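One letter stands for each residue in the lines below.
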Amino acid sequence: MRRITKAAIAFGAVFSLALAGCSSGAPATTPATTTPAGTGAAGQLPATTIKILAPSYSESSKTDWEKIITEFNKKQPNVKVELQIEGWDNFSSKVQARIQAKDYPDILNDNAFAGAAEAGLLYPITEVMSEATIKSIEPALLKNGTGADGKQWAAPDIASSRLLAYNTDLFAKAGVAAAPKTWAELEDAAKKIAALGGGVAGYGLPLGQEEAQVESSLWLWGAGGDWAVNGKLVANQPTAVEAFAQMKKLVDGGMTQPNAGATNRQQAADLFNNGKLGMMLSHSGLLKETREKFPQTKFDLAPIPSKSGTPVAFGVTDFIIAFDNKDANRKEATKQFLDIMYSDALYEGWYKGTGLLPVTTSQIAKGKASDTNNAKFYEALSYVKFLPVGNPQWDVLQKALQGTAGTITSDTPENVLKKIQAQVDAQG
Amino acid sequence: MGATASGRRWSGINKAPNPIGIAIGCIVVAAFFAFPYALMLISSLKSREDIARIPPDYLPEQPRWDNYLTVWASNVAPGGALLATTVISVGATLLVLLIATPAAYYIARFRFPGRLSFLFLVLITQMLQPTVLAVGLYQQFRDWRGQLVWVALILINGTFNLSFAIWIMQAFFASIPKEVDEAALIDGAGRLQTMFRISLPLVWPGIVTAIVFVFVNTWNEYAAAFVLVQDPALQPLTVAMPRFLGLYIRDWQYLFTTAMVAVVPVIVLFSFIERRLIGGLTAGAVK
Amino acid sequence: MAPPQRRGRWQETLAALPWLAPTLVLIAGVVAYPTILMAWTATRKYNSYGVERGSAGLDNFIGPAGALTFPTVPIPRILLNTVVWVTVVVFITLVLSLLLAQFLNKPFRGRKLLRLIIILPWASSVVMTTTVFNYGLQPDVGLFNRLLVDTGILDAAYGFTKNPTSAFWVAVFVAIYVSLPFTTYTILAGLQSVPDDILEAAHVDGANTVQRYWRIVFPLLRPSMAVAALINIINVFNSLPILKILNETPGYNTGHTTTTLIFEYKAQLGPGVASALSLVNFAFCLVVIAVYLAVVQPTREV
């Protein structure tokens, strides 16, 4: 008996010593390989490989990318394109692993870029896209890919805007005449709808992991505030307290769905689709599902209410970013690939597969004309406001919001914001 | 917990079990272990509308058996993923058997300095967190492209499952009296031969337990495969299946369909191997 | 081959080497590098995106954003959760498995089918089993919740997975559930080596069932049970998916164990802090196992 304990402890000690010994000097860098530019005379690149890492927007995402690859390979048969598609749920941990291992994809499709840009890992996107391609992107959306330093680090690839979706049948039943414009009207409508009973909730408030940052930003903007105060992102500020107090009021007043602090937008959408929710902030992707699969649910769209009644506009874009792998051939291949990707012929199929809205001016014009269902979302695209994704500070604040904003259901607004601020400060 | 109350009645070793009691026990145990999979089955037969219905229906309005066909043609291609998972699981199981058996045998038969340290070292591999180790594994194996990535996963899964195999097999080997071996050795057989010819057949239950353990763990492994496999066509099931859950379009029914299909090979393997576990050791073989 | 006791100590170890070498090579080849890298990572500063930012000293452990000191994280509660998690899951699993194994060892019709049903939680992967539980327990689309309401057990659907405490206990249930097949089978395999004639002999002597069980069967089961428990402790300690899938409340809530906290840190604070906590976790596990080995001595019979 004593023997095994001793052996165990001795071994543990040796093992941890060994680990400690290694930690002081283990090199963790990969040598950067620099190859001179070797563009062939015929415009064909020599044999090389570029890597793409992208999330799966829908089941068709893989095929959507493969169509572009096929087209690209017609032009550049020597360039091998390695496509990696991953589910959304763990996508950021996949990206983190690749970055940590210093194995950078040449093209990454993601919703953040500031951290990589700040660390100097990226090409400015203008270096890997032709001027014509850059120009084809709607300027209001392109702006969202600008870093804190003013450089264009990322190019949006799909966009979505948010609007208030409301169930017209429930509004009629509850005797609410029009979509709410102010917080007071929203409260009133939500109260009346919740009073209908039968498991119907007034307002869908998804403060779970997935969208707490979106929902809390919208309420902050609705209160007339902004996360940025004197060039710095601040969580614990009076306007934010006001915004969080308003969210809490809805929760405490029984005007939202149950478990607001652990609800993701999809779950709120499930309620909405089944006619169990009066209103929620929604987007074209979710409502496409409502239209196709739950036609009995009648709804309309309205601007997002605010405290004063001035509508809040909110937009999100995902991005294409290109990592600097210190290889001129790969860079050139990346450039040609992206130019093909954003070409009208291929981009149309690609963006449609995502279920979201396009970013190129020509496709936006085409969509506006043909896609009447999403007319209001298209309209909103031209004046939307974005989260401060270009600011590396936002990564920190966003994660603190995602983890902690939901505790508003059981804590005071002041305390919740204090906790969020403490988490942000600790990482400062 | 249903099994507790009902199970207790048969915890003794009665020679003539009460048939009614047995029947009730069977039903309770079966229900307890099947109910989540009943939900899985029902859900796999629902349409996308039905799967998000509030309140949910107990049974789908119209069972969508075609889910089981359409899922194969989907972009997630569970067929290829099933193949990947099978190759990796079989490979890792064979690797572990090949490596753990001699180690376990020797550990059980001999005492030598370093024996306990060895056993403990093996145990430590089980204690490490794959979530955090995954990045290191990725750096180590990232040039193993194409099907080689399966080999990498076989090595990784094999290594992380060695500990149980060695520990359990050594416990079983140790339960065979030394005299059994020694008789064979005197007859002129080598150690290795003795192990294979004499000892192995006597420890079948232990070997089968190890096989099933390694196989099932590899079948379910996620962390390493997630980080390592780049090519979607080579992904094993655990990594491929979440792709059914897109950002806005979440095909739960296909996820459950694939999960149902994935159960079949394990159950088939088990039904073959189970005979060994139960019948492999005759009562008289060990004193 | 010469009897081992005649050789010198070094020679004994040397003689063992050919038998153990493949294992050692595999461990050195696969595990050593990632483990060392993890320890190294724990001393480096990273942002949440995975970009390295120089040395961190001990900041990843006890700095302002350290694993043990990050604000708003209920560390004592999480440590307590971890202990409760491991002891409750392993203990109940062992007890239930013992009963199940006894039952399955009886000869009766349909025994084979029942044995196959029992491995379902194992065969269909921990992640999928947990996902089904999560789906069934959803307050709106979940059938388990509807069933509980329809049978009158609940007045209204309850968000089991939406509250850290209830999610934790659901996770305990599911963890036991998915550990049962493995443990039951390990014990069942052990039961095969209890020869019938031993039981017969005891029966003739007039020992009653319970006595017979504790005095004769239990000691014979000890080796396989001890190993099963050992592996279970480690696996349950390191179990991530069950709690991660079932506890839907985001952030540093009271439903975490140290293992799920590692994952949470990895996402919010990056790999440095996650590795630091992982090392702490590893040391913690090492202590638990050392205590277990000292008390249970699974190699005693050898």
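None of these values were measured; they are calculated from a predicted model.

### Comments concerning the overall build of chain A
Move 1: In terms of helices and strands, chain A carries 18 helices and 11 strands.
Move 2: Computed over C-alpha atoms, the radius of gyration of chain A comes to 25 Å, within 12% of the 22 Å expected from 2.2 N^0.38 for 428 residues, which places it in the range of a compact globule.
Move 3: Its C-alpha atoms put chain A at 75 × 70 × 45 Å along the principal axes.
Move 4: Residues counted as buried form 60% of the 428 residues belonging to chain A.
Move 5: Taking contacts inside chain A between residues at least 6 apart in sequence as the whole, the part at least 24 apart equals 76%.

### Details of the interface of chain C and chain B
Move 1: Listed per partner, the contact involves 102 residues of chain C and 113 residues of chain B.
Move 2: Where chain C abuts chain B, roughly 10000 Å² becomes buried across the two surfaces, and 78% of that area is made up of carbon and sulfur atoms.
Move 3: Between chain C and chain B we count 12 residue pairs in polar contact (both at pLDDT 80 or more) in total.
Move 4: Considering every element that reaches the side of chain C that touches chain B, the biggest residue donor is helix α1 (residues 9-30) of chain C, with 14 residues.
Move 5: Each residue belonging to the side of chain C that touches chain B can be placed in one class, and the counts come to 66 nonpolar, 23 polar and 13 charged.

### With respect to the environment of phenylalanine 91 of chain A
Residues and elements named next belong to chain A.
Move 1: Turning to its location among the elements, phenylalanine 91 is positioned in helix α3 (residues 91-100).
Move 2: On the basis of relative accessible area, phenylalanine 91 is assigned to the buried category, the value being 1%.
Move 3: A sequence separation of 19 residues divides phenylalanine 91 from aspartate 110, and the C-alpha atoms of the two residues are 8.6 Å apart.
Move 4: If we ignore the near neighbours within four places in the chain, the residues touching phenylalanine 91 are Leu53, Ala54, Pro55, Glu86, Leu108, Asn109 and Asp110.

### What to know about the packing of helix α9 (residues 212-222) of chain A against helix α10 (residues 238-252) of chain A
All names here are of chain A.
Move 1: Running from amino to carboxyl end, α9 crosses α10 at an angle of 115°, the nearest separation of the two axes being 8 Å. Here α9 lies roughly perpendicular to α10, going by the angle between them. Of the two elements, α9 crosses α10, and the hand of that crossing is right-handed. In contact with Ser216, Trp219 and Leu220 of α9, α10 contributes Thr239, Ala240, Ala243, Phe244, Gln246, Met247 and Leu250.
Move 2: Here the contact of α9 with α10 is built from residues that sort into 7 nonpolar, 3 polar and no charged.

### Focus on the environment of alanine 175 of chain C
All names here are of chain C.
Move 1: Structurally, alanine 175 can be placed in helix α9 (residues 164-191).
Move 2: Note: C-alpha distance between alanine 175 and phenylalanine 160 (15 residues apart in sequence) is 15 Å.
Move 3: Ignoring anything within four residues of it in the chain, the contact list for alanine 175 reads Trp85, Val89 and Ile242.

### A word on the interface of chain B and chain A
Move 1: Taken together, the 37 residues of chain B in the interface contact 46 residues of chain A.
Move 2: Buried surface at the junction of chain B and chain A, both sides included, amounts to about 3900 Å², of which 57% is carbon and sulfur.
Move 3: Counting every contact that joins chain B to chain A gives 2 salt bridges.
Move 4: Note that arginine 48 of chain B and glutamate 289 of chain A form a salt bridge whose closest N and O atoms lie 2.7 Å from each other.
Move 5: Linking chain B to chain A there are 13 residue pairs in polar contact (both at pLDDT 80 or more).
Move 6: Of all elements in the fold, only α3 (48-51), α6 (115-127), α7 (130-141) and α12 (223-228) of chain B reach the threshold of two or more residues within the side of chain B that touches chain A.

### What about the pattern of salt bridges?
All names here are of chain A.
Move 1: The full count for this structure, using the stated rule, is 34 salt bridges over all chains.
Move 2: Glutamate 348 serves as the salt-bridge partner of lysine 366, at 2.8 Å between the closest nitrogen and oxygen. Placement of lysine 366 in helix α15 (residues 361-370) and of glutamate 348 in helix α14 (residues 344-354) is noted, with a sequence separation of 18 residues between them.
Move 3: Since its relative accessible area comes to 18%, glutamate 348 is described here as buried.
Move 4: Salt bridges sharing common partners tie together Arg162, Glu211, Glu215 and Arg265.

### Looking at α3 of chain A
Move 1: Extensive coverage of α3 of chain A is indicated by the burial of 9 of its 10 residues.
Move 2: Listed as buried for α3 of chain A are Phe91, Ser93, Lys94, Val95, Gln96, Ala97, Arg98, Ile99 and Gln100 of chain A.

### What about the nonpolar core?
Move 1: Ranked by size, the top nonpolar core spans 338 residues in total, and within it Phe244 and Phe337 of chain A together with Trp85 and Tyr265 of chain C carry the most contacts.
Move 2: Those residues in contact with tryptophan 85 of chain C, other than ones at most four positions away along the chain, are Phe168, Ala171, Val172, Ala175, Val236, Ser239, Ile242, Leu243 and Thr257 of chain C.

### Brief notes about the confidence of the model for chain A
Move 1: Across chain A, pLDDT averages 89, with 90% of residues at or above 70.
Move 2: Low pLDDT, under 50, characterises residues 1-41 of chain A; the predicted model gives this stretch 51 contacts beyond four residues in sequence or across chains.

What counts, and where the lines are drawn
Residues numbered from 1 in each chain as written. Chains lettered and ligands numbered in written order. Predicted model: local features only at pLDDT ≥ 70, side-chain atom pairs only at ≥ 80, totals over all residues. Heavy atoms only, no water. Helix = DSSP H or I, 4+ residues; strand = E, 2+ residues; numbered from the N terminus. Rg over C-alpha atoms; globule rule 2.2 N^0.38 Å. Buried < 20%, exposed > 50% of the residue type's maximum accessible area, 1.4 Å probe, protein only. Contact = heavy atoms within 4.5 Å. Buried area = accessible area lost by both parts, 1.4 Å probe. Polar contact = N/O pair within 3.5 Å; in protein donor to acceptor, adjacent residues only side chain to side chain. Nonpolar A, V, L, I, M, F, W, Y, C, P; charged D, E, K, R; others polar. Axes fitted to C-alpha atoms, helices over the stretch in contact; angles between N-to-C directions. Parallel < 35°, antiparallel > 145°, perpendicular 65-115°, else oblique. Left-handed = near helix turned anticlockwise from the far one by under 90°. Salt bridge = Lys/Arg side-chain N within 4 Å of Asp/Glu carboxyl O. Core = buried A, V, L, I, M, F, W, Y, C linked by side-chain atoms within 4.5 Å. pLDDT = per-residue confidence, 0-100.

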